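The primary structure of each chain is shown beneath.
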Amino acid sequence: QVRLVESGGGFVQAGGSLRLSCVASGSTFSINLMAWYRQAPGKQRELVAYITSADRTNYADSVKGRFTISRDNAKNAVYLQMNSLKPEDTAVYYCNTDGARRGYWGQGTQVTVSS
């Protein structure tokens with residue numbers, strides 16, 4: 001079973017930057033796609049970005065040009081570089097992968113952006 005641990009969140013002012021990390025452990029052989037999601041208070045979880053095994057990336061319109069997703073397969077890790085942060089980016093951020101069990105989520109990492 002794949003286990004996911006997110007880290008790197010924090011409290012930043014608008015315009016600041018954070019780099020989130022997610023490390024997968026366990027049965028990581030089947031990992032192909034890795035993704036970042038976020039969930040703001042009172043809202044549903046939404047897809048932020050994903051990256052495939054071929055390093056193709058895709059981003060939600062709300063973060064295009066500001067966020068960059070990357071991965072390190074040797075470390076079973078996925079990263080999210082977040083620049084020019086806005087208050088509306090405030091959320092708990094989660095990673096996930098097609099290699100994880102359906103319905104599984106890690107603990108997430110809190111990102112709070114103040115104005």
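A.B. asks: Let's hear about the overall build of the protein chain: which residues, and what values?
C.D. replies: Helices and strands together make up the secondary structure of the protein chain, namely zero helices and 10 strands. Put simply, the protein chain runs from its N terminus to its C terminus through helices and strands in the order β-β-β-β-β-β-β-β-β-β. For 115 residues, the compact-globule estimate of 2.2 N^0.38 gives 13 Å, and the protein chain sits close to it at 13 Å. For the protein chain, the spread of C-alpha atoms along the principal axes amounts to about 40 × 25 × 20 Å. Residue burial in the protein chain is summarised as follows: out of 115 residues, 43% are buried. For the protein chain, the accessible surface area stands at approximately 6200 Å², while carbon and sulfur atoms represent 46% of it. Separation of charge centres in the protein chain, based on 13 positive and 8 negative side chains, amounts to 4 Å.

A.B. asks: Just give me the short version of the pattern of salt bridges, but keep the residues and values in it.
C.D. replies: The full count for this structure, using the stated rule, is four salt bridges. With a closest N to O distance of 2.8 Å, R38 and E46 form a salt bridge. The class of R38 is buried, set by a relative accessible area of 6%. When its relative accessible area of 32% is taken as the criterion, E46 is described as partly exposed. Of the charged contacts, one joins D89 and R66 as a salt bridge, the two residues approaching to 2.7 Å between their closest N and O atoms. Taken as a pair, D89 in the loop between strand 8 (77-82) and strand 9 (91-97) and R66 in the loop between strand 6 (57-59) and strand 7 (67-72) lie far apart in primary sequence, 23 residues in all. Just as D89 is buried, R66 falls in that class too.

A.B. asks: Would you mind going over the sheet that holds strand 8 in detail, with residue names and values included?
C.D. replies: Taken together, the four strands give an open sheet; going across it, the order is 1-3-8-7, and neighbouring strands pair in antiparallel fashion. Either end of the sheet is taken by a strand with one partner, and the two such strands are strand 1 (2-7) and strand 7. Each strand of the sheet is rotated relative to its neighbour by a mean of 15 degrees, with strand direction disregarded. The pairing of strand 7 with strand 8 spans six bridges and is antiparallel. Considered in strand 8, the bridge of T68 is made with Q81.

A.B. asks: I'd like a description of the state of the cysteines, backed by residues and values.
C.D. replies: One pass over the structure, following the stated rule, counts one disulfide. Paired by a disulfide, C22 and C95 hold their sulfur atoms 1.8 Å apart. Measuring handedness by torsion sign, the sulfur bridge of C22 and C95 sits at about 50 degrees and is right-handed. Taken together, the residues C22 in strand 3 (residues 18-26) and C95 in strand 9 connect sequence positions 73 residues apart. By relative accessible area, C22 is classed as buried at 0%. Among the residues examined, C95 registers a relative accessible area of 0% and is labelled buried.

Rules of the game
- Residues numbered from 1 in each chain as written.
- Predicted model: local features only at pLDDT ≥ 70, side-chain atom pairs only at ≥ 80, totals over all residues.
- Heavy atoms only, no water.
- Helix = DSSP H or I, 4+ residues; strand = E, 2+ residues; numbered from the N terminus.
- Rg over C-alpha atoms; globule rule 2.2 N^0.38 Å.
- Buried < 20%, exposed > 50% of the residue type's maximum accessible area, 1.4 Å probe, protein only.
- Areas by Shrake-Rupley, 256 points an atom, 1.4 Å probe, with all protein chains shown as cover.
- Lys, Arg positive; Asp, Glu negative; His and termini not counted.
- Charge placed at Lys NZ, Arg CZ, Asp CG, Glu CD.
- Salt bridge = Lys/Arg side-chain N within 4 Å of Asp/Glu carboxyl O.
- Pairing = 2+ DSSP bridges.
- Axes fitted to C-alpha atoms, helices over the stretch in contact; angles between N-to-C directions.
- Disulfide = S-S within 2.5 Å.

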